[in-house]
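Examination of the molecular architecture
These are the residues of each chain, in order.
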Amino acid sequence: VRRLNSTPPLPGSKFQNHRSLFTTALAAFGAGTVVYLGSVWFFQQRLIYFPTKSLEEKPESNGLSYEDFWINTEDNVKIHSWVLARKPSNFGSLLNSGNVILFLHGNA
């Protein structure tokens, strides 16, 4: 039974709808990628971690005993660090023993 006002389907129109949907999805993905990469480029300075100059906490605020220790580098930069030991009397022997864990954080 043929309807009076309907037009017969064109050859290949079944695939035309899929092609149009694929093109629309590809364009949306491309636009989303451009927006994402543009946002990363625009806000890149906010995505970088900039440490503060002052200390917010010291190990003693968490109940840990420590000693301040300065590391002198080959290019004459002084790096502040802490030496933590299980027992407060072990600081000197800990540094001389060679058994030290170096933990770097921030932009170190």
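Quick caveat: nothing in here was measured; it's all calculated off a predicted structure.

Moving on: the overall build of the chain. For the chain, the count of helices and strands is three helices and two strands. The secondary structure elements of the chain, listed N-terminal to C-terminal, are α-α-β-β-α. Partitioning the contacts of the chain with sequence separation of at least 6, the portion at a separation of at least 24 is 22%. Here the chain displays about 10,500 Å² of accessible surface, and carbon together with sulfur accounts for 60% of that area.

Of note in the backbone geometry, Asn76 takes a positive phi value of approximately 60 degrees without being a glycine. With respect to the helices and strands, Asn76 occurs in the loop between strand E1 (66-72) and strand E2 (78-84). Classification of Asn76 by relative accessible area gives exposed; the value is 73%.

What follows deals with the packing of aromatic side chains. Going through the model one piece at a time under the given rule, you end up with two aromatic pairs. Between Phe42 and Phe43 the ring centres are 4.9 Å apart and the planes differ by 85 degrees, which places this aromatic pair in the edge-to-face class. Ring centres of Tyr66 and Trp82 lie 5.8 Å apart, and the angle between their planes is 65 degrees; this geometry places the pair in the edge-to-face category. In this pair, Tyr66 is assigned in strand E1 and Trp82 in strand E2, connecting sequence segments 16 residues apart. By relative accessible area, which is 31% here, Trp82 ends up partly exposed. When the ring centre of Trp70 is taken as origin, the NZ or CZ atom of Lys78, which lies over that ring, is 5.7 Å away.

Examined against the element boundaries, Ser81 turns out to sit in strand E2. Excluding residues that lie within four positions of it along the chain, Ser81 makes contacts with Glu67, Asp68, Phe69, Trp70 and Ile71.

Residues of the chain with pLDDT of at least 70 account for 64%, and the chain-wide mean is 76. Highest mean pLDDT in the chain belongs to helix H1 (residues 13-42) (86); lowest belongs to helix H3 (residues 91-97) (62).

With that out of the way, let us pick up a nonpolar patch on the surface. Among the surface-exposed residues, Tyr36, Leu37, Val40, Trp41, Phe42, Phe43 and Leu47 lie close enough to one another that they form a single nonpolar patch of about 830 Å² accessible area. Broken down by element, the residue count for the nonpolar patch peaks at five residues, all from H1. By secondary structure assignment, the location of Phe43 is in the loop between H1 and helix H2 (44-47).

The rules behind the values
- Residues numbered from 1 in each chain as written.
- Predicted model: local features only at pLDDT ≥ 70, side-chain atom pairs only at ≥ 80, totals over all residues.
- Heavy atoms only, no water.
- Helix = DSSP H or I, 4+ residues; strand = E, 2+ residues; numbered from the N terminus.
- Contact = heavy atoms within 4.5 Å.
- Areas by Shrake-Rupley, 256 points an atom, 1.4 Å probe, with all protein chains shown as cover.
- Buried < 20%, exposed > 50% of the residue type's maximum accessible area, 1.4 Å probe, protein only.
- Phe/Tyr/Trp six-rings, centres within 6.5 Å; stacked < 30°, edge-to-face > 60°.
- Lys NZ or Arg CZ within 6 Å of the ring centre and 35° of its normal.
- pLDDT = per-residue confidence, 0-100.
- Patch = residues over 30% accessible without salt bridge, like charges linked within 9 Å, V, L, I, M, F, W, Y side chains within 5 Å.
- Salt bridge = Lys/Arg side-chain N within 4 Å of Asp/Glu carboxyl O.

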